[in-house]
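Commentary on secondary and tertiary structure
The primary structure of each chain is shown beneath.
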Amino acid sequence: MANPGDLFFINARGVKASGVVTENGFKVFAGSYVMPTHKPYLAKSIIQHRDQCRADGTIVNDHLTRDIEFGSSSTAAYFLFGANASGPATWKNADGITMAQLDKKAEGIIPETDREYRSFYNVVGGNEGSKCHYPARLDTYGRGCGHDCNYCYAKSILSGHGYWNPIEPSVADPSRIETLVKKLPRGAIVRLGGMTDCFQPCELTYRVTLKTIEILNKYDIGYLIVTKSHHVADDEYVATMRKDLAHIQITVTTFDDALCATYEKASPPSKRIQAIEKLQGLGFDVFFRLSPYIDGYIDFNLLNRVKCDKILVEFLRVDSKIKNGLISIILITRCGRMVSCICHLTTKKK
Ligand code: SF4
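Residues numbered from 1 in each chain as written. Predicted model: local features only at pLDDT ≥ 70, side-chain atom pairs only at ≥ 80, totals over all residues.

1. A word on the overall build of the protein
Assigned secondary structure in the protein consists of 14 helices and 17 strands. The buried share of the protein, taken over its 350 residues, is 37%. For the protein, contacts bridging at least 24 residues in sequence account for 63% of all contacts bridging at least 6. (Helix = DSSP H or I, 4+ residues; strand = E, 2+ residues; numbered from the N terminus. Buried ≥ 20, exposed ≤ 12 C-beta atoms within 10 Å, placed from the backbone. Contact = placed C-beta atoms within 7 Å.)

2. Description of the environment of E168
The residue E168 is located in the loop between α6 (153-160) and β10 (170-171) in this model. Taking the C-beta count within 10 Å as the criterion, E168 has 13 such neighbours and is therefore assigned partly exposed. Considering only alpha carbons, one finds E168 and G146, 22 residues apart in sequence, at a separation of 8.0 Å.

3. With respect to the site of the ligand
Taken together, C145, H147, D148, C149, C152, A154, K155, T196, D197, K228 and A266 are the residues near the ligand. Residues that form the shell around the ligand fall into these classes: 5 nonpolar, 2 polar and 4 charged. (Near = placed C-beta within 6 Å. Nonpolar A, V, L, I, M, F, W, Y, C, P; charged D, E, K, R; others polar.)

4. Focus on unusual backbone geometry
The residue after S291, namely P292, is reached through a cis peptide bond having omega -5°. By the secondary structure assignment, P292 is in strand β14 (residues 285-293). Phi at R143 is positive, roughly 55°, even though this residue is not glycine. Structurally, R143 is set in the loop between β9 (141-142) and α6. With a phi angle near 55°, D220 is a residue other than glycine that sits in the positive phi range. Along the chain, D220 turns up in the loop between α9 (208-218) and β12 (222-227). The exposure class assigned to D220 is partly exposed, which follows from the 14 C-beta atoms found within 10 Å.

5. Quick look at the sheet that holds strand β1 (residues 7-12)
Taken together, 4 strands build an open sheet; the order of strands is β1-β2-β3-β6 and the sheet is antiparallel. Among the strands making up the open sheet, the edge pair consists of β1 and β6 (68-70). Across the sheet, the mean angle separating the axes of adjacent strands is 30° when strand polarity is ignored. For strand β3 (residues 26-28) and β6, the ladder comprises 3 bridges, and the chain directions are antiparallel. Among the inter-strand pairings, K27 is bridged to a residue of β6, identified as E69. (Pairing = 2+ DSSP bridges. Axes fitted to C-alpha atoms, helices over the stretch in contact; angles between N-to-C directions.)

6. A short note on the pairing of β1
Pairing between β1 and strand β2 (residues 15-21): 6 bridges, direction antiparallel. Opposite F8, over in β2, you have G19 as the bridge partner. Hairpin connection from β1 to β2: 2 residues lie between these consecutive antiparallel strands, with R13 at a positive phi of about 50°.

7. Re α9
Every buried residue of α9 is listed here: V208, T209, L210, T212, I213, I215 and L216. Directly after α9, the chain includes D220, whose backbone phi takes a positive value near 55°.

8. Observations regarding the nonpolar core
In this structure, L192, Y223, I225, V232, I248, I250 and I276 are the most contacted members of the largest nonpolar core, which totals 37 residues. Contributions of two or more residues to this core are made by α7 (174-181), β11 (189-192), α9, β12, β13 (246-251), α12 (269-282) and β14. Counting residues per element, this core draws most heavily on α9, which supplies 5 residues. Once residues within four sequence positions are removed from consideration, V232 is found in contact with F199, I225, T227, Y237, I248, I250 and A275. Counting 22 residues, the second-largest nonpolar core is a separate cluster that includes A2, V28, Y78 and L102. (Core = buried A, V, L, I, M, F, W, Y, C linked by C-beta atoms within 7 Å.)

So this is what it looks like as structure tokens:
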């Protein structure tokens, strides 16, 4: 909960500002940026306040020259943006947590580990989304994955924003997941684990993936599970997953347990293979997912012996951070050409 004296910041939609909660409302500090224009619908009183501040020198070159106290954080946000803006949803503390989330945490609504984790559901758009049978992804855990693979694409992106925390990932709230899932059309398929692994080690503590599977079953929504964990084949999950809804892809990058441990902290490949064969034997729709395919890391004789009807191959996506992480184990330049900052194989090489 926000208390008098707590500092908050805005860095959004072009506005950079800072301020403090006061006994009477919210004080915005000198130096904060004020949008030069305002929306026509903005309350007349706020428009007049902005005009007055420009006239008396309180706003110079679109920046406050002195502190201004407002009746609430929202009035302060309206003033700065020149548009409607929720103060509790916009002002964030130094840890990036909004006032609204602090209030919810105080009420016990959001787990302590949530830390600004709001994007648990996303629909992939554009060219990729239009070709995909499961364009929606639902991450039961976010902003970190205990498997911490050296080549992880999400890790390379989120680390750049300071959001990657493999020790204590964010945890989605099952009640919010159900609110969302009940709106999906029957027959839809969502991918569990788009940016993180839905069976990463913290699943054994929080069980959000298990609860999510129960929710998806309840609303007849299909689910594609992509994981590097053998726990998907644990009896508890096997008993919960519906064969008409579950599509499971277990990722393997090598058959060598010791080699794998040098670049993935996920289940040993030998256990993943056992999980694949167990699910295949039970009649689940299961794939051996060779992702990413790393040249020289797969023994094709062993691959041919795996008792699984389906295999899917995905190639390595490489940006400069992944390249640095992998440089000791693979010569990336064999993989293809740079497109933007991502290195893709050419179609011919695939
Ligand atoms: S399992 Fe997937 S999400 Fe987790 S670190 Fe490895 S590549 Fe990233």
